[in-house]
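A closer look at the structure
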Amino acid sequence: MRKIVDKISEKSISMMTEYILKSAKDLKKKELWKKAVKKACKATEGVDDSFVDYIIKSPAIQRYFVWLISNKSLDDLYRSFILTIAVELCAFNAEKRLAVSFGMAILDNWFELNEVDYHDIRKQIVGDKIVNIVKDRERLYREYFLLYNDPLSKDIIRVYYPKNGEGWISWNKDYSVDIKVNLSKGTEYGFCRIGFSYSKIEEQDCEKFLKVAYINEDREIFRFEHDDLLSIDDKKLLWVW
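On a predicted model such as this, the values are computed, not experimentally measured, just so you know.

What counts and how
Residues numbered from 1 in each chain as written. Predicted model: local features only at pLDDT ≥ 70, side-chain atom pairs only at ≥ 80, totals over all residues. Heavy atoms only, no water. Buried < 20%, exposed > 50% of the residue type's maximum accessible area, 1.4 Å probe, protein only. Helix = DSSP H or I, 4+ residues; strand = E, 2+ residues; numbered from the N terminus. Pairing = 2+ DSSP bridges. Axes fitted to C-alpha atoms, helices over the stretch in contact; angles between N-to-C directions. Parallel < 35°, antiparallel > 145°, perpendicular 65-115°, else oblique. Left-handed = near helix turned anticlockwise from the far one by under 90°. Contact = heavy atoms within 4.5 Å. Arc of directions from axis to C-beta. Polar contact = N/O pair within 3.5 Å; in protein donor to acceptor, adjacent residues only side chain to side chain.

1. Considering the pairing of strand 6 (residues 219–223)
In terms of residue burial, strand 6 counts as a mostly covered element, since four of its five residues are buried. When strand 5 (residues 212–216) meets strand 6, the two strands line up antiparallel, connected through five bridges. Across the sheet, Asn216 pairs through a bridge with Arg219, a residue of strand 6. Turn length for the strand 5-strand 6 hairpin, with the two strands adjacent in sequence and antiparallel, is two residues, and the turn residue Glu217 shows positive phi of about 55°.

2. Thoughts on the packing of helix 2 (residues 27–43) against helix 3 (residues 50–57)
Relative to each other, helix 2 and helix 3 sit at 135°, their axes nearing to 9 Å. It follows from the interaxial angle that helix 2 and helix 3 lie oblique. For the crossing formed where helix 2 meets helix 3, the hand is right-handed. Here helix 2 contributes Lys34, Val37, Lys38 and Cys41 to the contact with helix 3, which in turn contributes Phe51, Val52, Ile55 and Ile56.

3. Notes on helix 9 (residues 137–146)
Among the residues making up helix 9, those that are buried are Glu138, Leu140, Tyr141, Tyr144 and Phe145. Buried residues along helix 9 cover an arc of 160° about the axis, so they all sit on one side. Where helix 9 begins, one side-chain oxygen reaches toward the backbone nitrogen of Glu138, 3.2 Å away; that side chain belongs to Asp136.

4. Examining the sheet that holds strand 7 (residues 237–240)
Two strands in a sheet stick together by hydrogen bonds in their backbones, pointing the same way (parallel) or opposite ways (antiparallel). If you trace the three strands from one edge of the open sheet to the other, you get 6-5-7, paired in antiparallel fashion. Every interior strand has two partners, whereas the edge strands, strand 6 and strand 7, have only one. The sheet shows a mean angle of 20° between the axes of neighbouring strands, taken without regard to direction. Of the pairings in the sheet, the one linking strand 5 to strand 7 comprises three bridges and is antiparallel in character. Bridge pairing in strand 7 places Ala213 opposite Trp239.

As structure tokens, this is what we get:
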């Protein structure tokens, strides 16, 4: 079995935050986002204030802050956000209990604080369907990574995830999902995560495993051929094999 050394450092997360805030320009929005998360934490039994920083610093969650303050379509927002919150909560074995209500509360709070009528956006959620996804970790992992899928892209990254009931990766194709991305552009925040393994799929299903991933402004960049760390600022480093 291959050995993984993956590292998502505080420094790299800090750099993501700095870039986002520099792009956002509106510090009031940042404060409203933090208030929305904090309000949901305070109202949720078993969640304390320390979880606020964990959520806000998460690269995957920061992706949604950018989404909300940009002009992007809000289609599928609630479903996408709940799936992302669920994956974050897997580290605490709390996704089944909290993901749907907690994720909805954060977005509801955000729209209310910004005086936006969000009820039509909220109707996108089909309750039983999202609950069933959250209950099954393998399905949750697949649906989460498919949030990054770009059907028009030609590059394919295979993501290996743990089998239900296991905390390790066996590199079995049955426990993987293929995601189309544009490696010349990089992925949005949150695609490269601890606990998963990544390979690039080439002709005849030949695989090249990820060597290095790092942050370049608003994107996660992947290297499957070279692992020259000298050319990468260690503050931007996400993953090292």
